[in-house]
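Residue-level listing of the chains:
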Amino acid sequence: MRRPRWRRAGRALLRVIAVWAVSTVAMLVLAGALPDFRLQSADGDSATRIAVTAALAAGVFGLLGAVVWPLLVRTLLLVPALVLGLLVFALNGSLLLVALWLVPDGRGAASPETAVVVAAVMSAVSSATGAALAVGDDDAYRRRLARLALRRRRAVVPDPAGAPPGTLFLQLDGVGHDVLADALAGPDPLMPTVAAWAGTTHTLTPWRTDWSSQTGASQLGILHGTNHDLPAFRWYEKETGEVIVSNRPTSAAELQRRAMVRTGDGGLLTVDGASRGNLFSGGAAQLALVLSVAARRGRYNRSRAGYFAYFSDPANATRTAASFVVEVCREIGQSLRARFRGTGPRVKRGGLYPFVRAFATVVERDVVVAAVIGDMLVGRTAIYADLVAYDEVAHHSGPESRDVRLVLRRLDRSLALIAKVARHAPRPYRIVLLSDHGQSPGETFAGRYGLTLEDLVRAGCGLPVSRRARRSPTGAEARNTARAALRRPEEEEPEETTRRARRAAEPIVLASGNLGLVSFPSIPGRATREEIDRRNPALLSTLAEHPGIGFLLVRSEKHGAVVLGPRGGAHHLDSGLVVGEDPLAPFGPGAADAVRRTDGFPHVADIMINSACDPETGEVHAFEEQIGSHGGLGGPQSRAFLLWPEELTPPVGEGAELVGAERVHRVFRRWLGEGGGPAVPVGEPHGTRERPAVRERQATPEPAAGEPSGAREPQVGGVSAEGAARPGADEMRPRGAAPEAFAPTDGTPQDKQH
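Throughout this description, residue numbers start from 1 for each chain and increase along the sequence as written. Thresholds applied to this predicted model are a pLDDT of at least 70 for local features of residues and 80 or more for the giving and counting of side-chain atom pairs; totals over whole chains, interfaces and linings are not thresholded and use all residues. Side-chain descriptors were evaluated using all non-hydrogen atoms of the structure, hydrogens and water having been removed beforehand.

(A) How the structure looks around the environment of Val378. Numbering of helices and strands runs from the N terminus; a helix is a DSSP stretch of H or I covering at least four residues, while a strand is a stretch of E covering at least two. Mapped onto the secondary structure, Val378 falls in the loop between α12 (353-377) and β9 (382-387). Between buried and exposed lies partly exposed: a residue is buried under 20% and exposed over 50% of the maximum accessible area for its type, with that area taken using a 1.4 Å probe on protein chains only. For Val378, a relative accessible area of 1% gives the class buried. C-alpha separation for the pair Val378 and Arg427, spaced 49 residues apart in sequence, amounts to 8.9 Å.

Written out as C-alpha cells, the structure is:
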C-alpha cells in the first residue's frame, strides 16, 4: 500500500532532522579532539552557545553539500578522474570553511588541512546515518538502487520506443500454490502487491512437479529444458563412487553441463539474459549468485560480482548489515518462543542456522533484487531470479507458521519495489511469478519413530544400528550458497559416509526431503529385486511394512519396475497390474507417471523410498531435519504455481494440467517469442543453416496431462538430441554475448559425444 504524501514527507523531514543532530554531535566531538578546529570565540562561550554554533555549522555544511556540490561536480566533468578524485577532498574542505565563515560572529574556524579531515568525517557520518534511517524505507532504497544501476551500466536497448517487451521471471522458492492462494485471499491480503496483480492483470495457474520436487530438478528443467537423470536432491553414482548434491557448486556445474549436452541448447536465457540467485545459469551472459559457476576460479567466475556491485555502495551495505542483525535476533527470538510454548513439531535451530537464515532472507534477497533492478533499468530481454527466503524459513519453522507469514510479507515488499522500478525501465516488462515446488508439513521420520532411515535400512540388512539417531544433512539451498559466497570449501560429510560404506560393502542411504535412496556399491549396475532378496531377505519387507514408509520403487528381473507397499500391495508400472492395495493411490493420479519416468533414469537408486503421506492433512515425514520438506511425493510439495500476465497465451489448454519442469520450460520459450521478442537459439548439427528452431518448437503441441514430461525426446533442429552432433560453444553463444559467460572448459557442450 502506498503511504499518504503527508506521511512520506513527514518521514523524510524526521530523517533530515536526525542526520542534522548526529552531524552536530560529530562536529562537537571533532572540535574537542582537533586542536586546529574550534566552535567558540577566543574569549570562550557557554556549552549552549557552542552547541548552537555546531548545529548552525553542520546545517550550513549539509545545505551546501546538497545544493552546491552537484553543481561543482557537473562543472568538473571534463577533469580527469584521478585529478577529480584528489579535488573531492579539497572541495569538500572548502565547503566546510565556507560554512564556518557563514556562522554569525565568526565563532567557527579551522585550518585548511583540518577542514579537509573534518569535512571527510562529517560526510561519512551523515551518509551512514541517512542509510541506517532508510533501512525500512523502500522508496528511498529504490531511488538509491536506481541511481547506482544507471551510474554503473549502459543501456542495452538501442531503440527504447520500439523495443519489444522484456520478460522477468521471479521464482519464489518453495511457495506452493495453496500457500500463495491463502496469502492473496481476504480483504486484507498478506501479499497485497501480488493480490493486486492476481485480481487484475495476472492469472494464477498450478503446475505439478516431477517426483523429485526440489529446486535442482525444477530449475534445471525450467532453465535448460531437461532434468533427465536427476532422481533426487542428492544421489550416489556407482561408476564414479561420488555423491551428487544439487546445491553443491561442482555438482551444479556438472548437472548443467549434462543438460546442455543432452539438449544441445544453451538455455532459456541465451539471448540477452540475466540469471540471478539461481542454481544454474540458463545460458545467460549476465550472472550473479549463480551456484553452477561459483566453483570457478579466475576471470570465468563472475557470479560473485553481484556482491561487489551491491556492497560497493556504503548505503546498501549499511541497510543490509542492519537488516541482517535484526533477522538474526528475530530468528533467535522466534526459536525461543516456539520452545517455551512447546510448539511442535520442532527441529534444532541453533548453531549457525540464524546466520544462514539471515543470509537467505536478507543478504541474498537484497543482492538479487538490486541485480534485477539494474537489469530492468538497462533493458535486458530476459531475467530469471530466485528468492529463497520462504523456502529456508519454512524448512525449520513449518510451511504455514507465523514465521513464514512475515517472510511472505517482506517478499511482497520486494516485489512492489521491483514493480515500481519496472515503470521507469527503457522497455515494458512482463512479470511472471512462479515457484519451483511447494512444501509439505510434518514431523521428521526420526522424530516420529525414533530412528533414521539409515538405521531402518541397516536393521533390515542385519547390520548393527546406532543407539542414538543421527541428524541427516539438510538439503536447504541457502547453506551451500552462503558457503560459496564466503569461499568456504564444500562440505564433504556425504563422501566420507560413502567411503566407509564402500569399504565395508554396506548400503549407502541418502535423504532428499521425504524421498530416500538406497544403493549397494558392491552390486554393479542397478540391483534387482531378486538380487536384493537373495542378499538381504528381510530388507524390502521391513521397509514396505514400516508405518512411516509410503512405497518403494525397485526393479524386478521378471516384472520390470515395481512399486511395493504395505500389506503386500504392489503396482507393476510396466504392465499396470495392481496386486492388493495400490501403494500409489494416496499420492494422486499422476504418481504412477512420475515414478515410471524416474525409473528410466540411469542413476536411479537401487531402492527409491517415499515416506508415508496423510491424504487429509498432507503431512509427510522427512528423512532430513526439516518440518517443512519437499523432494518426493505427498501433500502440497508437488503443487507449484505460475502467476502469468494475461497478455500472454495460456500455458496449457482449457481443462489440461501443466505437468513437469520441462513443459514449463517450453511454455517460457513460447512466451519469450510472443510480442516480438527474440527466439531463443538452439544448437543445430554442424553444416546446417540457421533457422528459427524455437518457433518450430512452439508449434509442437504440448503432451497430454497424463503423459510424462520427459516422454518426448528433446529435438535439436529436428534431430533427436541423443543422435545429433553437438554444436560448439561459439555456435550456441548469442551474438554479442560475453565469451566468459560460460567457459568451454567449464561445461559448454563440445563436438565430441560423451
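Still more to cover.
(B) Expanded view of the packing of helix α13 (residues 389-397) against helix α14 (residues 402-422). In the contact formed by α13 and α14, the axes pass within 9 Å of each other and the chain directions differ by 175°. Taken as axis vectors, α13 and α14 run roughly antiparallel relative to one another. For the pair α13 and α14, contact is made by Ala389, Tyr390, Val393, Ala394 and Ser397 and by Asp403, Val404, Val407, Leu408 and Leu411, respectively. Amino acids are sorted into nonpolar (Ala, Val, Leu, Ile, Met, Phe, Trp, Tyr, Cys and Pro), charged (Asp, Glu, Lys and Arg) and polar (every other residue, Gly among them). Here the residues of the contact of α13 with α14 are counted per class, giving eight nonpolar, one polar and one charged. Helix axes use the C-alpha atoms of the stretch in contact, all axes being lines fitted to C-alpha atoms, and the angles between their N-to-C directions lie in the range 0 to 180 degrees. Here the angle decides the label: under 35 degrees means roughly parallel, over 145 means roughly antiparallel, 65 to 115 means roughly perpendicular, and every other value means oblique. Two residues qualify as a contact provided that any one of their heavy atoms is within 4.5 Å of a heavy atom in the partner residue.

(C) How the structure looks around the pattern of salt bridges. Any Lys or Arg side-chain nitrogen found within 4 Å of a carboxyl oxygen on Asp or Glu counts as a salt bridge. Considering all chains together, one arrives at 30 salt bridges under this definition. Arg555 is the partner of Asp574 in a salt bridge, and the nearest nitrogen-oxygen pair spans 3.8 Å. On the criterion of sequence distance, the pair formed by Asp574 in the loop between β16 (570-572) and β17 (578-579) and Arg555 in strand β14 (residues 549-556) is long-range, its members being 19 residues apart. Taking the relative accessible area as the measure of exposure, Arg555 reaches 29% and is therefore partly exposed. One connected set of salt bridges, linked through shared partners, spans Glu327, Arg330, Glu331, Arg337, Arg349, Arg357, Asp403 and Arg410.

(D) Representation of the confidence of the model for the protein within the structure. Per-chain confidence: the protein averages 79 in pLDDT, with 71% of residues scoring 70 or above. What pLDDT reports is the predictor's confidence in each residue, on a scale of 0 through 100. Mean pLDDT values for the elements of the protein range from 31 in helix α24 (residues 729-732) up to 98 in strand β18 (residues 607-611). When the criterion is pLDDT under 50, residues 482-487 qualifies, and its contacts beyond four places in sequence or with other chains add up to 13 contacts. Confidence drops under a pLDDT of 50 for residues 682-754, and excluding neighbours within four residues, the segment shows 147 contacts in the predicted structure.

(E) View of the pairing of strand β3 (residues 166-172). In terms of burial, β3 is largely enclosed, as seven of its seven residues are buried. Burial of β3 is two-sided: the residues Gly166, Leu168, Leu170 and Leu172 facing one way and the residues Thr167, Phe169 and Gln171 facing the other way are all buried. Any two strands with at least two DSSP-identified bridges between them are counted as paired. Strand direction decides the pairing type here: β3 and strand β10 (residues 429-434), joined by six bridges, are parallel. Each residue of the ladder has a partner; that of Gln171, found in β10, is Leu434. Summarising the sheet, β3 and β9 pair through six bridges and their orientation is parallel. The partner of Phe169 across the bridge, within β9, is Tyr384.

(F) Summary view of helix α6 (residues 177-184). Turning to α6, its buried residues are His177, Val179, Leu180, Ala183 and Leu184. Take α6 and look down its axis: the buried residues cluster within an arc of 165°, on one side only. Its buried side turned inward, α6 meets α7 (192-200), β4 (202-208), α13, α14 and β20 (639-645). After α6 finishes, the residue Gly186 shows a positive phi value of roughly 90°. This arc is taken over the directions from the axis of the helix to the C-beta atoms.

(G) Quick peek at the pairing of strand β5 (residues 234-237). The two faces of β5 match: Arg234 and Tyr236 on one face and Trp235 and Glu237 on the other face are all buried. Here β5 pairs with strand β6 (residues 242-245) via four bridges, running antiparallel. Bridge pairing in β6 links Arg234 to Val245.

(H) Spatial organisation of the sheet that holds β20. One open sheet accounts for eight strands, arranged β8-β7-β9-β3-β10-β20-β4-β21; its pairing is mixed. Only two strands of the sheet have a single neighbouring strand rather than two, namely β8 (286-288) and β21 (658-659). As paired elements, strand β7 (residues 273-276) and β9 share four bridges and run parallel to each other. Looking across to β9, one finds that Ser275 is bridged to Tyr384. Its contacts with the sheet place α12 against β3, β7, β9 and β10, and it is angled at close to 165° to β9. Strands in contact with helix α22 (residues 661-673) are β3, β4, β9, β10, β20 and β21; relative to β10, the strand with the most contacts, it is inclined by about 170°.

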